[in-house]
Amino acid sequence: MSLQAVRYRRGSLQILNQRLLPEHSVYEEIPDVQAAWRAIREMQVRGAPAIAIVGCLSLAVELHQREEGASREDLASFALESLGHLVTSRPTAVNMARAAQELSDFVTREVKRPDSTAESFKEKIEAMLDKDIQDNKSIGNHGAKHIISRAKTEKVIILTHCNTGSLATAGYGTALGVIRSLWSMGCLEHVYCTETRPYNQGARLTAYELVHDKIPATLIADSMVSMAMKEKGISAVVVGADRIVANGDTANKIGTYQLAIAALHHRIPFYVAAPSSSCDLTLESGGQIVVEERPGKELTDFNGARIAAPGINVWNPAFDITPHSLITAGIITEFGVHEPGELRKALTDNAHRDTSHTC
Ligand code: MRU
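Residues numbered from 1 in each chain as written. Predicted model: local features only at pLDDT ≥ 70, side-chain atom pairs only at ≥ 80, totals over all residues. Heavy atoms only, no water.

Visitor: Would you mind showing me how to read the nonpolar core here?
Guide: One recurring pattern in soluble globular proteins: nonpolar side chains tend to sit buried together. Ranked by size, the top nonpolar core spans 43 residues in total, and within it Leu 59, Met 96 and Phe 121 carry the most contacts. Ranked by residues supplied to this core, first place goes to helix H2 (residues 48–66) with eleven residues. Taken domain by domain, the makeup of this core includes at least three residues from each of domain 1 (6–131) and domain 2 (141–356). Excluding anything up to four places from it in sequence, Phe 121 contacts Leu 59, Leu 63, Ala 79, Leu 103, Phe 106 and Val 107. (Core = buried A, V, L, I, M, F, W, Y, C linked by side-chain atoms within 4.5 Å. Buried < 20%, exposed > 50% of the residue type's maximum accessible area, 1.4 Å probe, protein only. Helix = DSSP H or I, 4+ residues; strand = E, 2+ residues; numbered from the N terminus. Domains from an automatic or database assignment. Contact = heavy atoms within 4.5 Å.)

Spelled out as structure tokens, the structure:
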């Protein structure tokens, strides 16, 4: 059975509390927008696509509760206000902000139609779940084929960072989706996953997914990456993204930048895998991305126990920016594998294609 970060049916949303993994698998009820905001901020659910999905589905659930007896205008203004609030939960991943913009435009248009109801809005949000899984499968397929076509060996060894799998998305995953596709094609020899300090998404979540799927894998500390590249025959590095801007600069989990530098030194192809919903063409370069800084306790404490010397200062940026020049092998989206410099054109062309289909 595949792992599920999100359980949804009309009027009900549950999330797998990722703070308790891997020891305990506990699904928590998310009855409203405020509960989703808290779960995202406290990282019970995390990963750029999952944040957007949980945020938007919580709104669908709350609208479902409120719709009886409420006017269209009241529901619309509640939806717009809630979307604005959800965007403030975590600043770096762009998926929630993009979904909020798209849904706000939709609500603003719909409320002007005399026969509109909350139904079409709920349906639009619910469609996100299927689309995310389909996009991830396309990413997996494009990425796996690209890696295989350039590999020097029949089976490849992949290094990945953080958690980009079923737990970070509606299912299958992005960078981990590429790994799943390689595995199902019989072309994967081994995976190295980093611990991903300080929050340990690699050790707790990616390792959990890899063991669950019986994919041969080894956990390494972040500080072992260069050594692993030198000694373990790594064929490619594949990571996810929280925001990819117009020139291809990419925000992803802290530690990604140093991984890209080390990959360049060892001449190992470096890929970023993400859906187009993680791309932000409104920003020109990575310097414009707001990087979230998280509480120092994530560094100083482990499982509730203090491990750092009392009184020490802490700097805890949750993400870093990898410049496009270090993304040597390409950016994998649901549309294909793009050189960073071609990203804007690829996304714009495909967006036009999508619109012309629906007309
Ligand atoms: O702080 P997190 O755990 O939300 O960070 C997650 C990452 O950086 C992932 O690589 C990214 O969101 C892509 S998830 C498909």
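Visitor: Help me understand the domain arrangement of the chain in this model?
Guide: Quoted interface sizes are often the accessible area lost when the parts come together. Partitioning the chain into domains gives domain 1 (6–131) and domain 2 (141–356). Measuring from the centre of the C-alpha atoms in domain 1 to the corresponding centre in domain 2 gives 26 Å. Counting residues at the interface gives 24 residues for domain 1 and 31 residues for domain 2. Regarding the contact of domain 1 and domain 2, the summed buried area is about 2200 Å², with carbon and sulfur atoms giving 52% of it. Counting the contacts that link domain 1 with domain 2 gives one salt bridge. Residues Arg 90 and Glu 292 are paired through a salt bridge, measuring 2.9 Å at the closest nitrogen-oxygen approach. At the surface where domain 1 touches domain 2, the tally comes to 16 residue pairs in polar contact (both at pLDDT 80 or more). Those elements that place two or more of their residues in the side of domain 1 that touches domain 2 are H2, helix H4 (95–110) and helix H5 (118–150). Looking at which element gives the most residues to the side of domain 1 that touches domain 2, the answer is H2, with four residues. Considered class by class, the residues forming the side of domain 1 that touches domain 2 number twelve nonpolar, five polar and seven charged. (Buried area = accessible area lost by both parts, 1.4 Å probe. Salt bridge = Lys/Arg side-chain N within 4 Å of Asp/Glu carboxyl O. Polar contact = N/O pair within 3.5 Å; in protein donor to acceptor, adjacent residues only side chain to side chain. Nonpolar A, V, L, I, M, F, W, Y, C, P; charged D, E, K, R; others polar.)

Visitor: Before we go on, may I ask you to explain the site of the ligand in this structure?
Guide: Of all residues adjacent to the ligand, which total 18 residues, the nearest are Arg 46, Arg 90, Asp 242, Asn 252 and Lys 253. Lys 253 has a polar side-chain atom sitting 2.8 Å from an oxygen atom of the ligand. For the ligand, whose accessible area on its own is 410 Å², the fraction buried by protein is 99%. Those elements giving two or more residues to the shell around the ligand turn out to be H2 and strand S9 (250–253). Here the shell around the ligand is composed, by residue class, of seven nonpolar, seven polar and four charged. When residues are assigned to domains, the shell around the ligand turns out to be shared by domain 1 (6–131) and domain 2 (141–356), each giving three or more. (Near = heavy atom within 4 Å. Areas by Shrake-Rupley, 256 points an atom, 1.4 Å probe, with all protein chains shown as cover.)

Visitor: Help me understand the packing of aromatic side chains, please; the structure alone is not making it clear to me.
Guide: Centre distance and the angle of the planes are the two values used to describe a pair of aromatic rings. Taken as a whole and assessed by the stated rule, the structure comprises one aromatic pair. We note Arg 66 situated over the ring of Phe 78; from NZ or CZ to the ring centre the distance is 3.8 Å. One residue, Lys 137, lies across the ring of Tyr 172, its end atom 5.6 Å from the ring centre. (Phe/Tyr/Trp six-rings, centres within 6.5 Å; stacked < 30°, edge-to-face > 60°. Lys NZ or Arg CZ within 6 Å of the ring centre and 35° of its normal.)

Visitor: Can you help me understand the pairing of strand S4 (residues 156–160) in this one?
Guide: For S4, the buried fraction is high: five of the five residues fall into the buried class. Of the two faces of S4, the one lined by Val 156, Ile 158 and Thr 160 and the one lined by Ile 157 and Leu 159 are each fully buried. Judged from the five bridges that link them, S4 and strand S5 (residues 188–194) form a sheet pairing that is parallel. Across the sheet, Leu 159 pairs through a bridge with Tyr 192, a residue of S5. On the question of chirality, the crossover connecting S4 to the parallel S5 by way of helix H6 (residues 175–184) is right-handed. In terms of strand pairing, S4 meets strand S7 (residues 236–239) through two bridges, oriented parallel. When the sheet's bridge partners are listed, Leu 159 is paired in S7 with Val 237. (Pairing = 2+ DSSP bridges. Right-handed = clockwise from strand over helix to strand, strands pointing away.)

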